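Remarks on the overall topology
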Amino acid sequence: MRNPIKSGKKIYGDCSIAEEKKNEGNEHYKAQNYKQALRLYSDAITICPETPAYYGNRAACYMMLGDFKSALADSRHSIFLDSKFEKSYIRIVKCCLALGDIVGCEQAIKKLLENDPKNLAVNVELENCKQLRALEGKAFSSYNQKDYRTALYHTDGCLKYAPASLKYKLLKAECLVLLGRIGDANDLAVLCMQADSSNAEAVYVRGLCLYYKDNLEKGLIHFERALSLDPDNKNAREMRFKAKNLKEKKELGNELFKTGKLRDAQTAYTEALVIDPTNKDMNSKLFYNRALVNSRLAVHADAVRDCTSALDNNPAYLKALILRAKSHNAMEKYEECVKDYEAALKMERTSEIKNLLKEAKHSLKLSKRKDYYKILGIDKYATDNDIKKAYRKRALVHHPDRHANASDEEKREQERQFKEVGEAYTILSDSQKKSRYDNGQDLDEDHSGFDPNQMYRQFFQYSAGPTFGFSFN
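Numbers given for residues are sequential positions, taken from 1 along each chain in its written order. Restriction of local features to residues with pLDDT of at least 70 applies here, the model being predicted, together with a cutoff of 80 or more for giving and counting side-chain atom pairs; totals for whole chains, interfaces and linings are based on all residues. Heavy atoms throughout the structure, all of them, feed into the side-chain values; hydrogens and water do not.

Quick word on the pattern of salt bridges
Any Lys or Arg side-chain nitrogen found within 4 Å of a carboxyl oxygen on Asp or Glu counts as a salt bridge. Applying the stated criterion to the full structure yields 25 salt bridges. One salt bridge connects D306 with R290, and the closest N-O pair in it is separated by 2.8 Å. Placement of the pair is D306 in helix α16 (residues 300-313) and R290 in helix α15 (residues 280-296), with a sequence separation of 16 residues. Each of the salt bridges in this network shares a partner with another, and the network as a whole consists of K370, E413, R416, E420 and E423. Elements are defined by DSSP. Helices are runs of H or I of four residues or more, strands are runs of E of two residues or more, and each kind is numbered from the N terminus.

Printed below as a string of structure tokens:
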């Protein structure tokens, strides 16, 4: 009958059974069935928990499964049981390197060489550890200088040596956030939180992702959670202040806008915009909100500038593009208005945008024709008598015979204006033509053969006004 092993006051099971479990585990390990091997090694440890080799074997299994923390714990326990267990020192070196623990790696190498000065098994890891230390220094130096692109490059280099390091993964995630790659950063931050939900830095970086995706409320919650885990986290404290301040200013601006206090709302949005210029999603909305205020205040030039800033931060911001088009329209900049509506229609093909574009093109067409009211110096509500008086006055002013002693260039200019005055009177004095002109309809008028001198003679003949002996060449 097999006897149990006694250790102090504890009595363990039959170690021959544990050996069988270990041997069976070895077979599965060789076949790369690591999960099955892990279960068998754990069974052996349960039966004989003071056998260093069992922990060493399970550590090797954990390493193959990518669980370097568990592998490190088992390796250290096996050394606790046997301080001369060389393989476990080697595994500690490899695990510390994979986890980015440079100091732990160097200490394990030092201890191994103290036991066996001629040991060459960790020469590669020693060199890799030196490379990792150099890369880490460059990564954090670039980060501190706010050179996030270079920091990201060196952090990727660190992760080649330390693929299981949460520290480097989180540094990478933070750099990605600050470079605007929020989706990639968020995926990495979530993985880190799943690996260690109590990691303050992971919670902070996840909060950054939410903050820069315009989710101030949840971002603020994460910053506060990070500070509860690590009260000395300066980044989390700074971002909590920014998020809280930004949220308050935006909400204040919205409330003031709703109650019609437009100037105060404008001030609130302006103050919010200086809090964090790097938050593009939030700032695009703040610029749009301020553009709305400026539009209501009829300060259309400022509304256009704010909409442009909103689109610089978020090129796909349809509402900002439409508001800019409307502001251009209010400023009678119809070409810019048409361009904006055309761009909006490419983003979203709706009947509303199609109609707005159609109206803008019509306004553009009207803007390019002659403004006969302006030529005569009257408004569109002028009576027939007003139109006649205006023609009489303008025709006398621009009649070429009045400018016989002018330069050739001035003569040509006065001839042009005299002709335009005649055209204007021809259209506006005819009720049907005037109605079509006012409604923006095509007049189908060809003024190339129009004789303003004849118009002038006819007008003053019937009104007994002055005549001149002028005719066009």
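Quick look at the state of the cysteines
What counts as a disulfide here is a pair of cysteine sulfur atoms lying within 2.5 Å. Under the defined criterion, the tally for this structure stands at 1 disulfide. In this model C15 forms its disulfide with C48; the gap between the sulfur atoms is 1.8 Å. Its S-S torsion of about -120 degrees marks the bond between C15 and C48 as left-handed, since a negative value means left-handed. Taken together, the positions of C15 in helix α1 (residues 15-30) and C48 in the loop between α2 (34-47) and α3 (52-64) put the pair 33 residues apart, joining distant regions of the chain. The residues C15 and C48 share a single accessibility class, namely buried. Here C95 stays unpaired: no disulfide links it, and the sulfur of C96, its closest cysteine neighbor, is 7.0 Å away. A simple rule labels every residue: compare its accessible area, found with a 1.4 Å probe on the protein chains alone, to the largest value its type can have, and call it buried under 20%, exposed over 50%, or partly exposed in between. For C95, a relative accessible area of 0% translates into the label buried. Free of any disulfide, C337 has its nearest neighbouring cysteine sulfur in C307, separated by 12 Å. In this structure C337 comes out as buried when scored by relative accessible area, which is 0%.

Geometric descriptors of this kind do not, in isolation, establish any biological role.
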